[in-house]
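Each chain, written out:
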Amino acid sequence: MFAKWLIQLPRSIRNNRSNLSNDLKFEGEGDNQMQKVEYIRKLFVKENDVLRSIEDGLAQRGFPQISVPSEVGKTLSLLVKITGAKHILEIGALGGYSTIWLAEALPEDGTLTSLELKQEHADFAMENVRKAGLAEKVTFLVGDASKTLTTLKDTGRKFDFFFIDADKPNYVHYLEKSIQLAHSGSVITLDNLFHGGRVLDESDQNPAPNALRQVNQMLASDPRLESMILPIGDGVGLARVK
Ligand SMILES: C[S@@+](CC[C@H](N)C(=O)[O-])C[C@H]1O[C@@H](n2cnc3c(N)ncnc32)[C@H](O)[C@@H]1O
């Protein structure tokens, strides 16, 4: 029933790094919603040169334009600073756009470990991280995140902050693994929890929206978590591990 509310915004007025979320508006508030997003971006988001260059770099390589939108990057960065996180785990690097927002917020001795399936994505992300002067803090582990998460668990390492942004059908699994790699007070964030509005349309029973409905339910009811969805971008999950 929600499907008919959803209207695609013309590409011309979307932020180029927009995820599905920025395509989403609700009848009667669509233009106004986009105006709010643009207002927020203008006032609060300052991308450095490397962040600004990633969109073109992705296009030149034929990689998808599915980095988080800039206001989500800024929010993640703020959350890292507010929580004082020192060790971040990211799932899904692509060109390193979110990686740079997150790593820039770390203290001097902070680390970010990013799990990425594709070697060519990790190479481009590392190139950007190097240009941003963050190479000493960031490590990319290439391979299927499920396997890497199991290996990380075996090392006994714990992380203070997580950003899950890959492979939607496995989100429940990634959330579970993240909880196992967390400590009390760790923060877990997840992108695309509305999946461009498809999560709201119960008639859409495809694997990705179903998996996201499941992860949203887990965020809302798992006794190990206290959570919320921030209605920015495509819906950003924010959970604190108890
Ligand atoms: C949405 S993009 C990440 C965007 C990035 N977080 C940003 O905002 O700049 C998802 C990335 O996850 C990677 N990916 C997909 N399946 C994966 C898996 N099973 N394990 C690890 N990475 C995966 C893709 O190759 C892609 O680079």
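Refer to the preceding data block for the structure.
Presented here is an overview of the structure given in this document.

When its secondary structure is counted, the protein chain shows eight helices and seven strands. Buried positions account for 43% of the 242 residues belonging to the protein chain. Taking as baseline every contact in the protein chain between residues at least 6 positions apart, the subset at least 24 positions apart corresponds to 70%.

Within the structure, the ligand sits among 19 residues, and Gly92, Tyr97, Leu117, Ala145 and Ala166 are positioned closest to it. Those elements giving two or more residues to the shell around the ligand turn out to be helix 4 (97-104) and strand 2 (111-116).

Another aspect to go through is the nonpolar core. Ile88, Ile100 and Leu102 are the most contacted members of the largest nonpolar core, which totals 58 residues. Here isoleucine 88 is in contact with Val80, Leu102, Leu106, Leu112, Phe159, Phe161 and Phe163, once residues within four sequence places are set aside.

Once that is clear, we can look at the environment of phenylalanine 140. Within the element layout of this structure, phenylalanine 140 appears in strand 3 (residues 138-142). A sequence separation of 26 residues divides phenylalanine 140 from serine 114, and the C-alpha atoms of the two residues are 4.8 Å apart. Beyond its immediate stretch of four places on either side in the chain, phenylalanine 140 contacts Ala93, Ser114, Glu116, Ala122, Ala125 and Met126.

So, on to the packing of helix 7 (residues 171-180) against helix 8 (residues 207-221). Put simply, helix 7 and helix 8 touch, their axes get as near as 8 Å, and they point 30° apart. By the criterion of interaxial angle, the relationship of helix 7 to helix 8 is roughly parallel. For the pair helix 7 and helix 8, contact is made by Tyr171, Val172 and Leu175 and by Ala211, Leu212, Gln214, Val215 and Met218, respectively. For the contact of helix 7 with helix 8, the class distribution of residues is seven nonpolar, one polar and no charged.

What counts as what
Residues numbered from 1 in each chain as written. Predicted model: local features only at pLDDT ≥ 70, side-chain atom pairs only at ≥ 80, totals over all residues. Helix = DSSP H or I, 4+ residues; strand = E, 2+ residues; numbered from the N terminus. Buried ≥ 20, exposed ≤ 12 C-beta atoms within 10 Å, placed from the backbone. Contact = placed C-beta atoms within 7 Å. Near = placed C-beta within 6 Å. Core = buried A, V, L, I, M, F, W, Y, C linked by C-beta atoms within 7 Å. Axes fitted to C-alpha atoms, helices over the stretch in contact; angles between N-to-C directions. Parallel < 35°, antiparallel > 145°, perpendicular 65-115°, else oblique. Nonpolar A, V, L, I, M, F, W, Y, C, P; charged D, E, K, R; others polar.

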